[in-house]
Each structure stands twice: as C-alpha cells, then as structure tokens.
Amino acid sequence: MDISFSKWHAAIEKRRSRRRFDPSLPLTPETLAALEKVCNQFTPYPSARSRLVTESSESVFKGVIGGYGKVKGTHTFIAFIGNMDEPFVQEKVGYTGEAIILEATALGLNTCWVAGFFRPEIVTSLIEVTEKEQVLAITPVGYAREQESWEEKLMSRFGRSHNRLPLSKLVRGLPKEQWPNWVSVSLEAARLAPSAVNRQPWGFDVQDDGITVFVRTSGPEFNVSKRLDCGIAMLHLEVAAVNSGCKGEWEFLPSPQVAKFNIHQ
Ligand SMILES: Cc1cc2nc3c(=O)[nH]c(=O)nc-3n(C[C@H](O)[C@H](O)[C@H](O)COP(=O)(O)O)c2cc1C
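About the criteria used
- Residues numbered from 1 in each chain as written.
- Predicted model: local features only at pLDDT ≥ 70, side-chain atom pairs only at ≥ 80, totals over all residues.
- Heavy atoms only, no water.
- Helix = DSSP H or I, 4+ residues; strand = E, 2+ residues; numbered from the N terminus.
- Buried < 20%, exposed > 50% of the residue type's maximum accessible area, 1.4 Å probe, protein only.
- Contact = heavy atoms within 4.5 Å.
- Phe/Tyr/Trp six-rings, centres within 6.5 Å; stacked < 30°, edge-to-face > 60°.
- Lys NZ or Arg CZ within 6 Å of the ring centre and 35° of its normal.
- Salt bridge = Lys/Arg side-chain N within 4 Å of Asp/Glu carboxyl O.

*Asks:* Can you explain the environment of Gly116? Please cite residues and give values.
*Replies:* Along the chain, the position of Gly116 falls in the loop between β3 (110-111) and α4 (120-126). Overall, the relative accessible area of 41% leaves Gly116 in the partly exposed class. The contacts of Gly116, once residues within four sequence positions are left out, are Lys62 and Val224.

Given below as structure tokens:
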C-alpha cells in the first residue's frame, strides 16, 4: 500500500492510549472502510495480520480488578494476529499493529493496545483464526470521551503513564555528537512508542550503517513479550527515518538483539 510516512510520523506525537470511549459517536462507514483498507493492505510480513471487528466490542475487554480499568464505550476493535510457527512473530505483529494504530490516529480516532486484559476466546468466536495463529493483542477504536475519566487518570499512576525515559538511558554506540539528523529524529520517535505497562524495554545501538534495537531490560514478561513492544518501536523508528529521507531494511537478529535497521547507503 501507499504509505504516507509524514502522516504516520505526525501521528506518533499525537497518539496516546485512551480507555473510555463515547458510545454516542459511532464510526462512519467511510472511517470503517479506511480502517478495513489499512488492515487488509498493510501486511509487510505474511505471519502477522490485523482484523477489524464491529460486533460484541465491549465484552471482549476485561478489567484489571473486576470491572476496574476496563476499556468501555467502544463499538469497534481491531485484533492483531500472529502465526506462532513463524520466527520473530512478536516483533512482526507489534510492527504491523502499530501501523494500523497510527493510521487510526491520523484518522482522528483513539486507540489502546491491550495484550493482557482481553478475552481471546471471544475474539476467536468472532473471526477466523487458524490452529497456528494466536490473537496477541487487540485495540479499541473510536472517539474517546473528551475528558479523561477519574479511572483513566488513576490508571496512569499505576505505571500506565505516558511518561518516557530520556534517550541517554536507552542508547549506546556512536556518540550523540556524531549522529546524523535522521538518527536523532528516529530515536526520538522510537522513544515515544507505547509498551505494556509503559515498561519501555528497548535499547538502541547506533552504528555508522544503521541502528540495532535490542531488549534492554531483564525480568518478567507478565505474559506480554517484550519483543512485541520492540516491534512497535521498530515501526516508529522506520517511519521517522523514511520521513527524514533515510530508507533501509530490517534484519531480524537473535535474542537479546531484536533487529537492525540497515540504511541504504
Ligand atoms: C503491547 C502492549 C500491551 C498493552 N496492554 C494493555 C492492557 O492490557 N491494558 C491496558 O489498559 N493498557 C495496555 N497497554 C497500554 C499501555 O499501558 C500504554 O501504552 C503505556 O502506558 C504508555 O502510555 P501511552 O500509550 O498513553 O503513551 C498496552 C500497551 C502495549 C504496547
């Protein structure tokens, strides 16, 4: 598909997770068609796909404790699905899903990656999923209530905040003074990526010929792979790089590395 990198780059700064939607503002047929189109057409990896679902949307979300912290008021969600037999499936689903999230953001919609607190059995009763596939995450899509609810504000304090670590804590390799412009812009975009409980598990190794993403943190995964978060950061990094005039290719790497963005020299 034709990708508007400048549109997605602008969406990176705008996007933030929202969990309370306005049920009186349904999506128009045109907006649903635009979402369906990006889900069907943005498929850079055969092992990762996205499906738009417009039924039973609220029942698919779970609360953190009882109904508390649950996504509410939505008519629509998108499922992010991976073929678990394929290598690097977590990264590929993260990368693909974030493109859909940025397109939704550019359309003026609100979203929230949900990998822990949803019911996969409801998703698989609504869409076809093969034996090899798993629904790794979903996102609500809709128009958030204008004001953040008290519950949303409180959830931010439980590690789900929008704050990010400074680049100095995330980057190694070539010193900052030697970074070309595309490196600074791409690292800033990658830093803004969302991650489960805002854990920001990624690190970035800057080299002359590209940037390697690696898993920086050790410790428990809480049932959501850190490599899924890293796939999301990869998409941000590439969108900003291409929008700064620097194209490249991803080369997937074994753990704890994730992938290197090799620039076209
Ligand atoms: C892979 C992934 C899984 C997530 N799972 C959940 C979830 O189960 N429930 C939820 O309320 N938020 C979830 N989030 C949203 C994060 O808490 C949120 O992205 C993070 O706190 C950063 O805030 P921001 O998205 O507003 O920048 C998830 C985010 C990612 C990337």
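*Asks:* Can you lay out the packing of aromatic side chains for me, pointing to particular residues and giving the numbers?
*Replies:* Per the stated rule, a full pass over the model turns up eight aromatic pairs. On the numbers, 5.0 Å between centres and 20° between planes, the contact of Phe88 with Phe252 is stacked. Note that Phe88 is positioned in the loop between β2 (76-83) and α3 (89-106) and Phe252 in strand β8 (residues 248-252), a separation of 164 residues in sequence. Judged by relative accessible area, Phe252 falls into the buried class, the value being 19%. Among the aromatic residues, ring-to-ring pairing joins Trp8, Phe42, Tyr45, Phe88, Tyr95 and Phe252 into one connected group. Directly above the aromatic system of Phe252 lies the positively charged group of Lys92, at a separation of 5.3 Å from the ring centroid.

*Asks:* Can you break down the pattern of salt bridges residue by residue, with the values?
*Replies:* Tallied over the entire structure, the rule returns eight salt bridges. Notably, a salt bridge pairs Glu91 with Arg227, separated by 2.5 Å at the nearest N-O pair. Pair noted here: Glu91 is in helix α3 and Arg227 is in helix α7 (residues 226-243), with a separation of 136 residues, a long-range link. With relative accessibility at 16%, the residue Arg227 sits in the buried group. The residue Asp229 makes a salt bridge to Arg199 at a minimum N-O spacing of 2.6 Å. Taken as a pair, Asp229 in helix α7 and Arg199 in the loop between α6 (181-191) and β6 (202-207) lie far apart in primary sequence, 30 residues in all. We note that Asp229, like Arg199, is buried.

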